[in-house]
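What follows is the residue order along each chain.
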Amino acid sequence: MTQQGTLGVAVIGTGKMGADHVRRINEVISGARVAAVVDIDEARAKAVADTADGCQAFTDPAAAMAAPGVDAVLIASPGPAHEAALLSAFERDLPVLCEKPLTPDSASALRVLEAEQKLGHRRVQVGFMRRYDTEFMKLKALLAGGELGRPLLLHCRHRNASVHSYFTNEMMITDSVVHEMDQSRWLLEQEIAAVTVLKPTPSSLSPEPLSDPQLVVFETTGGAIVNVEIFATCGFGYQVQAEAVCERGTARVGDAHGMLVNRPGAWGGEIAPDFVARFEEAYDREVQAWVNATRRGEVEGPSTWDGYAATAVSEAGVRAQATGERTIVEMIERPAFYG
């Protein structure tokens, strides 16, 4: 770090998320600067690097991590590239903020988990940004406080207006419902033990061969039940909602009770168009928290264990989706290293 303590960050991946994080570090948060960017598309990397003073462009993550002025790494590349980038960061003992997924499968996630433990200290914060959303933070605090008693049920809704043409049924689990997997584990402080996926007759408006919507059910180790409606092509906007049903009351977030407008013959508010708009402040808060902790020499937030657990549950979800059967989540025991 510089004498002023500014954290020099290498951002790996300059697609939608990576470029947005570069903007966020440059313009929104404090205590950090973008020292390097990486993309296999050299022209795109250079174009993004030009938006940050003193930023270098690379096509190789390892070269960027070795560049002068790089103190930490933010990984926003496609999931299959995460393991190699994480292991390279470990070789240099660099702190990492890694966008989900940690890796695409539990076997590679386990390798990362074991490699971090060999370092003897945490190095990774996984980018589950809902933990930094104001509403979800309030729900977490309420449940943790015990005022409503033990959580019994968690009702979740996850709706997108549309998806890319390459989006698959499996991605409904691995790219979308994975957020509810982490959200549920965090809110309830329980692991997910089994997954069932139910499929109604698909919407006539959903693109083939997508079976959309679906209902995903989690059974937790503490006896709670979570149901998740995933509707990837609802057509009207982006919505994420959750309602906890507890022994002595309920609590719900995500209804977007912002400005309410009355117009001739109509009333209502706005619906976010996508996840970037809905969780913009959560992303800001997440990256700022990572920078603050890193400058203190600490690692906070969702851990490598959380990333591994979400991947293991995702694999069970994909199997349940394909078979229509209740599927047990196969995971190792949580290492004492992760508390």
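Every residue gets a number counted from 1 within its own chain, in the order that chain's sequence is written. Side-chain atom pairs in this predicted model are given and counted only at pLDDT of 80 or more, local residue features only at pLDDT of at least 70, and totals for whole chains, interfaces and linings cover all residues. By convention in this description, side-chain values take in all heavy atoms of the structure and omit both hydrogens and water.

**Brief notes about helix α10 (residues 304–323)**
What counts is decided by this rule: By definition, any uninterrupted DSSP run of H or I lasting at least four residues is a helix, any uninterrupted run of E lasting at least two residues is a strand, and each is numbered from the N terminus. In this scheme, a helix's expected span is set at 1.5 Å multiplied by one less than its residue total. When accessible area is computed with a 1.4 Å probe and restricted to protein chains, residues below 20% of their type maximum are described as buried, those above 50% as exposed, and intermediate ones as partly exposed. Under the rule applied, a polar contact is a pair of N or O atoms within 3.5 Å (in protein, one hydrogen donor and one hydrogen acceptor; residues adjacent in sequence only if both atoms are side-chain atoms).
Look at α10: 29 Å from first C-alpha to last across 20 residues, which is about the 28 Å you get at 1.5 Å a residue. In terms of burial, α10 is largely enclosed, as 15 of its 20 residues are buried. The N-capping residue of α10, defined by a side-chain oxygen 3.2 Å from the backbone nitrogen of Trp305, is Ser303. Phi turns positive, to about 75 degrees, at Gly324, one or two residues after α10.

**Re the state of the cysteines**
Under the convention used in this document: Disulfide: a pair of cysteine sulfur atoms within 2.5 Å of each other.
Tallying each qualifying case throughout the model produces zero disulfides. As a non-bridged cysteine, Cys246 has Cys156 as the owner of its nearest cysteine sulfur, 12 Å distant.

**Some details on the packing of aromatic side chains**
Note the cut-off: Put simply, two rings from Phe, Tyr or Trp (the six-membered ring, in Trp's case) pair if the centres are within 6.5 Å, and we call them stacked under 30 degrees between planes, edge-to-face over 60, tilted for the rest. In this analysis the charged atom, NZ for Lys or CZ for Arg, is taken to sit over a ring once it is within 6 Å of the ring centre and within 35 degrees of the ring normal.
This structure, assessed with the given rule, holds three aromatic pairs. Measuring from centroid to centroid gives 6.3 Å for Tyr238 and Phe279, while their planes differ by 80 degrees, and the two rings are edge-to-face. Of this pair, Tyr238 sits in the loop between β10 (225–231) and β11 (239–246) while Phe279 sits in the loop between α8 (275–278) and α9 (280–295), and the two are 41 residues apart along the sequence. The burial state of Tyr238 is the same as that of Phe279; both residues are buried. Aromatic pair Trp305 and Tyr308: ring centres 5.3 Å apart, planes at 45 degrees, arrangement tilted. In this pair, Trp305 and Tyr308 both sit in helix α10, three residues apart, roughly one turn of the helix. Residues Trp305 and Tyr308 agree in their burial class; the two are buried. The aromatic ring of Phe279 is capped on one face by Arg278, whose charged end is 4.3 Å from the ring centroid.

**Focus: the environment of Val313**
So the rule is basically this: The contact rule is simple, with two residues in contact once any of their heavy atoms fall within 4.5 Å.
You can see Val313 is positioned in helix α10. Exposure remark for Val313: the relative accessible area of 0% places this residue in the buried category. A C-alpha to C-alpha distance of 13 Å links Val313 and Leu102, two positions 211 residues apart in sequence. Not counting residues up to four positions away in its chain, the partners in contact with Val313 are Met181, Ile192, Val195 and Val329.

**Side note on the sheet that holds strand β5 (residues 96–99)**
The cut-off we apply is this: Pairing between strands is defined by DSSP: at least two bridges between the two strands are required. Between N-to-C directions, angles cover 0 to 180 degrees, with each direction set by a line fitted to C-alpha atoms, over the stretch in contact for helices.
Strand order in the open sheet made by the six strands is β3-β2-β1-β4-β5-β6, with parallel pairing throughout. Looking at strand neighbours, the two that pair on one side only are β3 (56–58) and β6 (124–127), the edges of this open sheet. With strand direction ignored, the average angle separating the axes of adjacent strands in the sheet is 25 degrees. The sheet contact formed by strand β1 (residues 7–12) and strand β4 (residues 72–75) spans four bridges and is parallel. When the sheet's bridge partners are listed, Ile12 is paired in β4 with Ile75.

**Quick word on the pairing of β10**
Of all seven residues making up β10, five are buried, and the element is well covered by its neighbours. Where strand β7 (residues 151–159) and β10 come together, seven bridges link them in parallel fashion. The residue bridging Arg157 from the neighbouring strand is Glu229, located in β10. As paired strands, strand β9 (residues 214–220) and β10 are joined by six bridges and run antiparallel to one another. Bridging from a neighbouring strand, Gln214 pairs with Ile230 of β10.

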